Amino acid sequence: MTAPAIEAHALTKRFGGFTAVDAVSFEVERGEIFGYLGANGAGKSTTIRMLNGLLAPTAGTAIVAGHDVARDPDAVKAAIGYMSQKFSLYLDLPVMENLLFFGGAYGLSGPALRRRAEELLELTGLADQATAVTGALPGGLRQRLALAGAVLHDPGVVFLDEPTAGVDPVARRAFWRLIRSLAAGGTTVFVTTHYLDEAEYCRRIGLMVDGRLVALDTPSALKRTWVPDRVLHVRGQALAGATPALRAVAAVRSVVPFGAGLHLRVDPAAAAVDHEIAAALSRAGARDVAVEVAEPSLEDVFLAVVGRDGRGEAAP
């Protein structure tokens, strides 16, 4: 049986009296796209820094690409690719020169390095930008270049920390096509993101709350577990003041803003609840109301996990 690409067992990091990562355990299979989600300060980046060998764990163990992160961090760093939140290539260098420079840092050289750089520029759609100054590229193209730099040495595992932050939706979709092509080729991808629609591309997702891993499963299984209720999407005018009236409806279990509308979780066994909700909204002054059945999303999952008194308690 093939060993997992990443193994974490009770991985913990404390800074003085503050526990940033609290006894986290999980495994990531080879060739898997694994999503790691959570609010700011949940412990995502600290986990990645430990798995990268950049930060020593306070307790617990982790094996990445066959190497112990505490005992042999240098071997871990050599075996992985890492794309940080902050763009780390040189803005004043041309695109190709950036790749050649960082390839040299990975121990690559000569014609083999240039061939690999050309191959990645083709893969990322940057072949026609090889001589462009990196700082002149738009954000989406810079992120593609950063990804190319992270996989120059053909690592088995690549860590992407908020790789599409601040990038427009079209560029984000293009970037995720690249991620899926890497995984299809056998690369293990460990990715953090704030965009919950992106997390749908992941085979499995881990959800962090206050340093603890409180949910771990496929997107569809997480929805079944954490959002077992019927989900309704409410659209209309003057909805903002209607929340108390909705919460007074016995079958309504939660009300949360969702774009310009509201998402309601309701008892699936309740009869005629749609009419009751519409009547409650009308009494509260809402206008042009439409109540539609909606599919649960990962945003609903996130709100359900974090919203259990803010403690990330186990699913019911």
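Conventions adopted
Residues numbered from 1 in each chain as written. Predicted model: local features only at pLDDT ≥ 70, side-chain atom pairs only at ≥ 80, totals over all residues. Heavy atoms only, no water. UniProt positions renumbered as here; feature names shortened; annotations may be inferred. Salt bridge = Lys/Arg side-chain N within 4 Å of Asp/Glu carboxyl O. Helix = DSSP H or I, 4+ residues; strand = E, 2+ residues; numbered from the N terminus. Buried < 20%, exposed > 50% of the residue type's maximum accessible area, 1.4 Å probe, protein only. Expected span 1.5 Å × (residues − 1). Contact = heavy atoms within 4.5 Å.

By the naming in an unreviewed UniProt entry, the chain is Multidrug ABC transporter ATP-binding protein, taken from Anaeromyxobacter oryzae. The annotation that UniProt attaches to the chain under Sequence similarities (unreviewed entry) is "Belongs to the ABC transporter superfamily."

(A) Seen up close, the pattern of salt bridges. By the definition in use, this model includes 13 salt bridges. Linking Glu198 and Arg172 is a salt bridge whose minimum nitrogen-to-oxygen distance equals 3.2 Å. Of this pair, Glu198 sits in helix α7 (residues 196–199) while Arg172 sits in helix α6 (residues 169–184), placing them 26 residues apart in sequence. The pair Glu198 / Arg172 is uniform in exposure class, with both members buried. Through salt bridges with shared partners, a single network forms among Asp229, Arg253, Arg265 and Asp267.

(B) Just helix α5 (residues 139–150), in detail. The end-to-end C-alpha distance of α5 is 17 Å, a good match for the 16 Å that twelve residues give at a rise of 1.5 Å each. Those residues of α5 that fall on the buried side of the exposure criterion are Gly140, Leu141, Gln143, Arg144, Leu145, Ala146, Leu147, Ala148, Gly149 and Ala150. Its buried side turned inward, α5 meets β6 (80–83), α3 (95–105), α4 (110–123), β7 (157–161) and α6.

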